[in-house]
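# Tertiary structure, described
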Amino acid sequence: MMDWTDRHCRFFHRQLTQRALLYTEMVVADAAIHGKRERLLGFDAEEHPVALQLGGSDPAKLAEAAAIGEGFGYDEVNLNVGCPSDRVQSGTFGACLMKTPALVADCVAAMKAGVKIPVTVKCRLGVDEQDIETALDAVADGVFAVGADALWVHARKAWLDGLSPKENRDIPPLDYGRVYRLKERYPDRFIGINGGIPGMPEAKAHLAHVDGVMLGRAAYHTPGILSEVDALLYSEPPQPFDPDALLETMCAYAERHIAAGGRLGHVTRHMVGLFHGLPGARRFRQILSEQANRPGAGAEVLREAFAAVDRVADQAAA
Ligand SMILES: Cc1cc2nc3c(=O)[nH]c(=O)nc-3n(C[C@H](O)[C@H](O)[C@H](O)COP(=O)(O)O)c2cc1C
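Notes on the structure follow. Since we're looking at a predicted model, the values are computed, not measured. (Residues numbered from 1 in each chain as written. Predicted model: local features only at pLDDT ≥ 70, side-chain atom pairs only at ≥ 80, totals over all residues. Heavy atoms only, no water.)

### Observations regarding the site of the ligand
For clarity, the cut-off: Nearness is judged by heavy atoms alone; a residue qualifies as near a molecule or strand once a single heavy atom is within 4 Å of it. In protein, a polar contact means a hydrogen-donor-capable atom and an acceptor-capable atom, both N or O and within 3.5 Å, with residues adjacent in sequence counting only if both atoms are side-chain atoms; elsewhere, any N or O pair within 3.5 Å suffices. The method behind every accessible area is Shrake-Rupley, applied with a 1.4 Å probe, and residues are considered shielded solely by the protein chains displayed. As a working rule, the residues Ala, Val, Leu, Ile, Met, Phe, Trp, Tyr, Cys and Pro are called nonpolar, Asp, Glu, Lys and Arg charged, and the rest polar, with Gly in that last group.
In the region of the ligand, 16 residues are neighbours, and Met-2, Gln-53, Asn-194, Gly-196 and Arg-217 sit closest. The separation between an oxygen atom of the ligand and a polar main-chain atom of Met-26 is 3.0 Å. Between an oxygen atom of the ligand and a side-chain N or O atom of Asn-194, the distance comes to 2.6 Å. The fraction of the free accessible surface of the ligand (610 Å²) that becomes covered by protein chains is 91%. Its residues placed into classes, the shell around the ligand shows five nonpolar, seven polar and four charged.

Next up, the structure:
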């Protein structure tokens, strides 16, 4: 998610689930080709499996950017056909590509030809006045015909005219049934669902109809739910959530980041919702929000925040 799920966020999420596939935010193909690659695409080996999401509509550029991503070690490359922002529309990519399914297929074909890793697509049900039955089928038919390895569907339309990007994530109604019908049309292809899924019980329920579930905002705001993924969705033996181990790993990671010239807040801003709903969560959030961006702030701030949760929780238990 743009401006949210950077490499530090992914490293943190990976501590909570070993199995979930993590996605980068969208990286525009031109930026991957011409920009500061290490800053845009670099990631920690611990983040695997991780997919690079690309934005663009020029098949040759997308193929080149996909190959660059593969060279960086990404496990999958995904084409964004869902982002409705003005910036994205003016570049003719993102959700407006729902109107040009043949071009989407050309993009995927070029990407497939350029890499060995899986090439996947994330799209909407349709845009504006499109009929969601024909619009979604057209994109799916096109990309599967050229070998797309999965299609993820954000189960609502995007309104390109009149709604802000934020409104486009909430206002167009969700229609999970439409994604289930797509799965019936493509029983042998990987169809994933996204949009408004609040937690693991709901995610598991969707898996009765589709092959994968993608969580955006819920995973970001309440990352603790990720600690249920491996046992609940991948049938791994249950591992109790171990805050002490997490603290040590994140302290070591933050110290490495700070030593390389970064700030503690770059890492901890993704962690503020970790203890959501538990005693001490507010104090945890407060300590991180107030102290992590102060000059010279180090891993001790993280320790103090974790201790606040433990202390209050212990008191509550006593
Ligand atoms: C701040 C923000 C940035 C986002 N950036 C992207 C992006 O770069 N690529 C993408 O495919 N979706 C992006 N999305 C959309 C989410 O991936 C997801 O499709 C949407 O939020 C609906 O799922 P959710 O209800 O689980 O969050 C973004 C969402 C938010 C809130």
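### Some details on the pairing of strand 1 (residues 22–28)
Put simply, the test is: Note on exposure labels: buried denotes an accessible area under 20% of the residue type's maximum, exposed denotes more than 50%, and partly exposed covers the range between, all computed with a 1.4 Å probe on protein chains only. Only DSSP runs of H or I with at least four residues qualify as helices, and only runs of E with at least two residues qualify as strands; both kinds are numbered from the N terminus onward. Think of it this way: DSSP has to see at least two bridges between two strands before they count as a pair.
The element strand 1 is largely enclosed, with a buried count of five among its seven residues. Where strand 1 meets strand 2 (residues 50–55), five bridges bridge the pair, whose relative direction is parallel. What sits directly across from Tyr-23, in strand 2, is Ala-51.

### A look at the nonpolar core
What counts is decided by this rule: By nonpolar core we mean a set of buried residues, namely Ala, Val, Leu, Ile, Met, Phe, Trp, Tyr and Cys, connected to one another through side-chain atoms within 4.5 Å. The split of the chain into domains comes from an automatic or database domain assignment. Whether two residues are in contact is decided by their heavy atoms: any pair within 4.5 Å suffices.
Counting 94 residues, the largest nonpolar core has Leu-54, Leu-79, Leu-151, Leu-215, Met-250 and Phe-306 as the members making the most contacts within it. Tallying contributions element by element places helix 15 (residues 299–317) first for this core, with seven residues. Residues lining this core come from more than one domain, with at least three contributed by each of domain 1 (7–234) and domain 2 (243–317). Excluding residues that lie within four positions of it along the chain, Leu-215 makes contacts with Ile-197, Gly-199, Met-200, Ala-203 and Ile-225. One finds Ala-51, Ala-150, Trp-152 and Met-214 within the second-largest nonpolar core, a separate group that totals five residues.

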